Amino acid sequence: GDKIILPTGADALVSMHNMAGIMNDAVLTTGTYSAGGGTFTESLTGHDALLTYDAGGSTFVSVVLVGGAAEAAHATISGDTITW
């Protein structure tokens, strides 16, 4: 499958309906991304996914995965690598 390698390791991959970051974890939530508006709106029925991870030093990074909602449901993590 596809892989995303985080610059820092994560203790867990959390799938939840929440866009908040969690210390030492990577969080996936589903929703809809609007390229024109530059916004992500969380929604259980969205087709996109938002990955938020702890980059260390009280910094969180979010990445929009356009069309990634279905794959996010089956994602796993091992160290710093998320596999779809």
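Residues numbered from 1 in each chain as written. Predicted model: local features only at pLDDT ≥ 70, side-chain atom pairs only at ≥ 80, totals over all residues. Heavy atoms only, no water.

A.B. asks: I tried to follow the overall build of the protein on my own but got confused; where do I start?
C.D. replies: A count of helices and strands for the protein gives 1 helix and 8 strands. Starting at the N terminus and ending at the C terminus, the protein contains elements arranged as β-β-β-β-β-β-α-β-β. Whereas a compact globule of 84 residues would reach a radius of gyration of roughly 12 Å, the protein reaches 12 Å, a difference of no more than 12%. A buried classification covers 31% of the 84 residues belonging to the protein. (Helix = DSSP H or I, 4+ residues; strand = E, 2+ residues; numbered from the N terminus. Rg over C-alpha atoms; globule rule 2.2 N^0.38 Å. Buried < 20%, exposed > 50% of the residue type's maximum accessible area, 1.4 Å probe, protein only.)

A.B. asks: Is there a simple way to think about the nonpolar core in this case?
C.D. replies: Of all hydrophobic cores here, the largest spans 12 residues; its members are Leu 6, Ala 10, Leu 13, Ala 26, Leu 28, Ala 49, Leu 51, Tyr 53, Leu 65, Ala 72, Ala 75 and Ile 82. At the level of elements, β3 (25–34) and β5 (48–56) are the ones that each hand at least two residues to this core. Considering every element that reaches this core, the biggest residue donor is β5, with 3 residues. Not counting residues up to four positions away in its chain, the partners in contact with Leu 65 are Ile 4, Leu 28, Asp 48, Ala 49, Leu 51 and Trp 84. (Core = buried A, V, L, I, M, F, W, Y, C linked by side-chain atoms within 4.5 Å. Contact = heavy atoms within 4.5 Å.)

A.B. asks: Would you mind showing me how to read the pairing of strand β4 (residues 39–42) here?
C.D. replies: Every regular strand shows the same layout, with side chains that alternate between the two sheet faces. Of the strand pairs in this sheet, β3 and β4 are connected by 4 bridges, and their pairing is antiparallel. Residue pairing in the sheet places Gly 31 in a bridge with Glu 42 of β4. The hairpin formed by β3 and β4 contains 4 residues between the paired strands, and Gly 38 there has a positive phi angle of roughly 65°. (Pairing = 2+ DSSP bridges.)

A.B. asks: I keep staring at the environment of Thr 8 and nothing clicks. Help me out?
C.D. replies: By secondary structure assignment, the location of Thr 8 is in the loop between β1 (3–5) and β2 (12–15). Residue Thr 8 is classed as partly exposed on the basis of its relative accessible area, which comes to 25%. In this structure the C-alpha to C-alpha distance between Thr 8 and Ala 26, which are 18 residues apart in sequence, comes to 10 Å. Those residues within four positions of Thr 8 in sequence are excluded, and the remaining contacts are Asp 54, Ala 55 and Asp 80.

A.B. asks: Is there a simple way to think about the sheet that holds strand β8 (residues 81–83) in this case?
C.D. replies: Think of a sheet as strands paired side by side through backbone hydrogen bonds, with each pair either parallel or antiparallel. If you trace the 3 strands from one edge of the open sheet to the other, you get β1-β8-β7, paired in antiparallel fashion. Lying at the two open borders of the sheet, with one neighbouring strand each, are β1 and β7 (76–78). Direction aside, neighbouring strands of the sheet carry axes that sit 20° apart on average. (Axes fitted to C-alpha atoms, helices over the stretch in contact; angles between N-to-C directions.)

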